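Tertiary structure, described
Listed below are the residues making up each chain.
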Amino acid sequence: MSLTKKILIALVLGVIAGIILTFIPESVFSPLDMYLLTPVGQLFINLIMMLVIPIVFVSIVLGTAGLSEPAKLGRIGIQTISFFLITTAIALCISLALSFMIKPGTEGVFDVNMAEYEAAEAPPIMETIINIIPTNPVSSMSAGDMLQIIAFAIFIGIALAFLKDKTQGIQRLFVQANDILMFLVNLVMKAAPYGAFALIASAIGGGGLDAIGSMGAYMGTVILGLFVHGAIVYSLAIWVLGKANPWTFYKGFFPAMSVAFSTSSSNATLPISMKSAQENLGVSKSISSFVQPLGATINMDGTAIMQATAAVFIAQVYAINLGFAEMIMIILTATLASIGTAGVPGVGLIMLAMVLSQIGLPVEGIALIIGIDRLLDMLRTAVNITGDAACAYIISENEKRRKA
């Protein structure tokens with residue numbers, strides 16, 4: 001049986017197990033979750049996270065060196081950033097339109113007086129941009145500061161591209177390091193079905209059906225927005241911009257989407273998403289190595305959909321009218337915040353707090369949705385990484401035609 005089928009079966013069984021676990025007493029669920037589900041799921045995440053920093057560094061170096069020409073690097077960089085910003089803005093527009101049509105929030109249904117939430121403060125966008133250049137690259141790697149790691153790796157890659165014959169030994173070392181890391185990814189992926197089962201069963205069993213029932217309209221709106229963006233917008237982009245078959249893309253990229261769904265982490269899924277793009281979709285290693293790590297850090301279409309829906313939902317619950325100016329502000333703030341909060345833990349909720357503050361909505365309203373955020377996080381992470389891969393796939397297909 002292929003790994004894709006094993007993961008799919010594990011996802012289905014995990015959902016069924018999670019629903020069953022919602023009916024058992026807390027005294028039984030707690031030890032089961034603590035001593036079995038959570039450890040298995042966490043071990044799987046730790047195995048992947050162990051590889052993330054070295055893979056990002058090595059792959060970005062090789063990707064940048066492989067692009068070789070400054071003009072090509074600049075062209076692909078502009079295409080990548082443009083794709084990320086435009087698709088994020090489209091995602092927000094879709095989400096706002098669906099939210100105003102469905103009206104997931106109803107005044108008086110939720111007890112807003114008991115809602116409390118203390119928002120973590122995100123760094124200013126300009127500070128984030130300045131801090132992209134690391135003062136200590138080793139410290140950045142130790143702390144897992146993705147933007148700084150990417151910046152340092154790009155500089156190393158540019159140096160290798162310019163020095164060429166003088167640094168053949170170093171470049172060969174990076175190629176061999178990449179081979180080792182990909183071997184380890186293949187090894188870790190054998191544990192993916194077990195990790196996926198444990199993570200999903202724990203998330204659904206811990207979330208409970210009560211939380212899902214009371215927030216059904218909100219969840220349905222977010223899920224519909226994610227489906228429309230993931231299935232329709234990306235398909236059109238692949239078909240029109242990449243002149244490729246969307247079905248081929250989704251079929252080849254499904255293993256990475258399923259791992260993203262179970263781990264709820266774009267960074268944790270990065271080794272698998274790059275492997276799927278390169279081996280299943282034929283994306284060139286240099287483009288995949290440059291686009292996907294960058295996308296995992298700053299491209300968050302799925303998160304943007306959640307933010308816009310949550311903003312409208314909270315406004316409706318608090319009976320606050322949002323006008324055209326507020327909607328434009330949501331689109332601008334959320335698009336810029338995806339870069340400004342890159343690499344910050346709990347990035348989705350921090351970005352949402354920024355959006356709510358910008359349009360004058362109570363940040364405490366986040367407390368209303370936080371109970372089911374873990375479940376929605378699984379879906380939006382799958383959409384986030386799909387956008388990264390779609391961008392890499394489109395650019396790779398176009399570069400192949402350019403060479404032909």
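What this report covers is the structure whose coordinates are included nearby. The structure presented is a predicted model; accordingly, all values stated were derived computationally and were not measured.

**A closer look at the nonpolar core**
- Formed by 110 residues in total, the largest nonpolar core has its most connected members in Tyr218, Phe249 and Val291.
- The biggest single contributor to this core is helix H2 (residues 26-67), with 14 residues.
- In this view, valine 291 contacts Ile76, Thr80, Phe84, Asp388, Cys391, Ala392 and Ile395; residues no more than four positions away in its chain are not counted.

**Things to note about the packing of helix H10 (residues 216-240) against helix H11 (residues 246-263)**
- For the pair H10 and H11, interaxial distance at closest approach is 9 Å and the crossing angle is 120°. In this view, H10 runs oblique relative to H11, as classed from their interaxial angle. Where H10 approaches H11, its residues Gly230, Ala231, Tyr234, Ser235, Ile238 and Trp239 are matched on the opposing element by Pro246, Phe249 and Tyr250.
- The residue inventory of the contact of H10 with H11, partitioned by class, reads seven nonpolar, two polar and no charged.

**Points about the packing of aromatic side chains**
- In total, this model carries seven aromatic pairs according to the counting rule given.
- Between phenylalanine 57 and phenylalanine 152 the ring centres are 5.8 Å apart and the planes differ by 15°, which places this aromatic pair in the stacked class. With phenylalanine 57 in helix H2 and phenylalanine 152 in helix H6 (residues 146-163), this pair connects stretches of sequence that are 95 residues apart.
- Assessed through its relative accessible area of 14%, phenylalanine 57 is described here as buried.
- The interplanar angle of 15° and the centroid separation of 5.6 Å between the aromatic rings of phenylalanine 249 and phenylalanine 253 together place this pair among those described as stacked. Residue phenylalanine 249 and its partner phenylalanine 253 are located together in helix H11, separated by four residues, close to a single helical turn.
- Judged by its relative accessible area of 0%, phenylalanine 249 falls in the buried class.
- Among the residues examined, phenylalanine 253 registers a relative accessible area of 0% and is labelled buried.

**Some points on the packing of H2 against helix H13 (residues 285-298)**
- The interhelical angle for the contact between H2 and H13, taken along N-to-C directions, is 125°, at an axis separation of 7 Å. One element, H2, and the other, H13, form an angle in the oblique class. Of the two possible hands of crossing, H2 and H13 adopt the one that is left-handed. Two secondary-structure elements touch here, H2 through Val56, Ser59, Ile60, Gly63, Thr64, Gly66 and Leu67 and H13 through Ser286, Ile287, Ser289, Phe290 and Pro293.
- Among the residues making up the contact of H2 with H13, the classes are represented as six nonpolar, six polar and no charged.

Rules used in this analysis
Residues numbered from 1 in each chain as written. Predicted model: local features only at pLDDT ≥ 70, side-chain atom pairs only at ≥ 80, totals over all residues. Heavy atoms only, no water. Core = buried A, V, L, I, M, F, W, Y, C linked by side-chain atoms within 4.5 Å. Buried < 20%, exposed > 50% of the residue type's maximum accessible area, 1.4 Å probe, protein only. Helix = DSSP H or I, 4+ residues; strand = E, 2+ residues; numbered from the N terminus. Contact = heavy atoms within 4.5 Å. Axes fitted to C-alpha atoms, helices over the stretch in contact; angles between N-to-C directions. Parallel < 35°, antiparallel > 145°, perpendicular 65-115°, else oblique. Nonpolar A, V, L, I, M, F, W, Y, C, P; charged D, E, K, R; others polar. Phe/Tyr/Trp six-rings, centres within 6.5 Å; stacked < 30°, edge-to-face > 60°. Left-handed = near helix turned anticlockwise from the far one by under 90°.

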